[in-house]
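Reading the structure
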Amino acid sequence: MTTIDGASFTIGIEEEYLLLDPASGDLVGDQAVQEAIIDDVKSSLSEDIGMATPEFLKAQVEVGTSVCTSVQSVRDRLRALRLAVAEAADKRGLAPIAASTHPTAMWSRLQHTDKERYSMLANDLQEVARRLVICGMHVHVGIADNEHRIDLLGQIAYFLPHLLVLTTSSPFWQGRDTGLKSYRLAVFDELPRTGLPESFDSWSHYEKHITALVRAGAVEDGSKIWWDIRPHYKFPTLEMRIADICTRMEDGIAVAATYACLLSMLQRLRRKNQRWRNYSNMLIQENRWRAQRYGKDRGLIDFGINSEVPYPDLLEEIIDLVAEDADRLNCMDEVLHTRTILERGTSADNQVRIYREAKAAGKDETAAFKDVTDWLIAATVQDL
């Protein structure tokens, strides 16, 4: 039996897609169309594959795999879900893109989905919520023991910037090159209860803080805690949320596998009465910003030696750290695919490259951004 903390290894992935008119490259926010696409996915796939649901915007669809017991299984289910959304959208003359921002969408022209949860969010968060034209990828890994989950929450935070680098897909915002590889985080960080997780001594310490917010009427439950990683409020998982959504599915699978192997590595150290050193949020935040701003183009800081290290070198260190775990979880190929991400660039790297090539060829802004959305449409289904 493959395990991480003594229980069977489980993993699941959620992804959010934007719906486009491929002819114009513009977002299409039509709730009737959104619901029809979701109904098609539900009718074409069984619940043991996963499910499709509405997201905050009418121009969005979210999918989530069922609970899987291997990386290969989660890949198969995610592939089926992406393909089902693409086919359902195509029937209506639309296409999904897996990108954390749309290159030119104006958030002020979009409407949130008419559901009670989203209406409450819009009312509570006001202009902050209206700017949420963003998508992400969330990876759940099962950690059955509450105390283990809290212990890992503190340790895994160190690696979150390293994972963000591999997923960046949001360089543009409202028709501008932001200069950031993950502008999505800049938008998301405007919400309350976001960013790096708080540090807790125990599960009861964590529960005490959540209870304080609930009793004060600030939140209904832990679902309104939107940290970069969190203990899920309902399931016994550690949910990694810092990632942009990878445009190519295989890149997302590689990041999910690496995240699972890092948790396994930390649990392996725990069994030897060892642990990863805890670093302050102030230090980790510096790497988070570097990942958000530069992606793979600049190094991150190794706080063990207090020096910037090129990202490819850091990635090789991670691969070495988790090699035993990747072998045990049967996902070494997926972890090694992270090298391929660096070689051909993340989605953000490719979007910026395509835009700049189009501009250099004499195309105007509209045509250059259309080249970007054309690439996003094709790359979203490229691995399917």
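You'll find the structure just up there.
The text that follows walks through the structure, step by step, so that each part is easy to find. Worth saying up front: this structure is predicted, and the values here are computed from it rather than measured.

**Notes on the pattern of salt bridges**
For the structure on display, the rule yields 33 salt bridges. Put simply, arginine 184 and aspartate 244 hold a salt bridge, and the shortest N to O gap is 2.9 Å. Of this pair, arginine 184 sits in helix α7 (residues 183-188) while aspartate 244 sits in the loop between β11 (237-240) and α9 (249-271), and the two are 60 residues apart along the sequence. Grouping residues by exposure puts arginine 184 and aspartate 244 together as buried. One salt bridge connects arginine 268 with glutamate 324, and the closest N-O pair in it is separated by 3.5 Å. Here glutamate 324 lies in helix α11 (residues 311-328) and arginine 268 lies in helix α9, a separation of 56 residues in the sequence. What you see here is one network of salt bridges that share partners, running through Arg75, Asp76, Arg79, Glu250 and Glu334.

**Structural notes on the packing of helix α5 (residues 146-156) against α9**
Contact geometry of α5 with α9 gives a least axis separation of 11 Å together with a crossing angle of 115°. As far as their axial angle goes, α9 and α5 are roughly perpendicular. As α5 runs across α9, the sense of the crossing is right-handed. Here His148, Asp151, Leu152, Gln155 and Ile156 of α5 lie close against α9, whose contacting residues are Tyr259, Leu262, Leu263, Leu266, Gln267 and Arg270. When the residues that make up the contact of α5 with α9 are grouped by side-chain class, the tally is six nonpolar, three polar and two charged.

**Digging into the environment of alanine 186**
Its location among the elements puts alanine 186 in helix α7. What makes alanine 186 partly exposed here is its relative accessible area of 24%. Linking alanine 186 and tryptophan 289, residues 103 residues apart in sequence, is a C-alpha distance of 9.7 Å.

**Here's the deal with the packing of aromatic side chains**
Following the criterion strictly, the structure yields 12 aromatic pairs and no others. Centre to centre, the rings of tyrosine 158 and phenylalanine 159 are 5.3 Å apart; their planes meet at 85°, and the pair counts as edge-to-face. Assigned by exposure class, tyrosine 158 and phenylalanine 159 land together as buried. Ring centres 4.9 Å apart and planes at 50° place the aromatic pair phenylalanine 159 and tryptophan 276 in the tilted group. Here phenylalanine 159, found in the loop between α5 and α6 (160-167), pairs with tryptophan 276, found in the loop between α9 and α10 (281-294); they are 117 residues apart in sequence, far enough to count as distant. Overall, phenylalanine 159 belongs to the buried group, its relative accessible area being 2%.

The rules behind each value
- Residues numbered from 1 in each chain as written.
- Predicted model: local features only at pLDDT ≥ 70, side-chain atom pairs only at ≥ 80, totals over all residues.
- Heavy atoms only, no water.
- Salt bridge = Lys/Arg side-chain N within 4 Å of Asp/Glu carboxyl O.
- Helix = DSSP H or I, 4+ residues; strand = E, 2+ residues; numbered from the N terminus.
- Buried < 20%, exposed > 50% of the residue type's maximum accessible area, 1.4 Å probe, protein only.
- Axes fitted to C-alpha atoms, helices over the stretch in contact; angles between N-to-C directions.
- Parallel < 35°, antiparallel > 145°, perpendicular 65-115°, else oblique.
- Left-handed = near helix turned anticlockwise from the far one by under 90°.
- Contact = heavy atoms within 4.5 Å.
- Nonpolar A, V, L, I, M, F, W, Y, C, P; charged D, E, K, R; others polar.
- Phe/Tyr/Trp six-rings, centres within 6.5 Å; stacked < 30°, edge-to-face > 60°.

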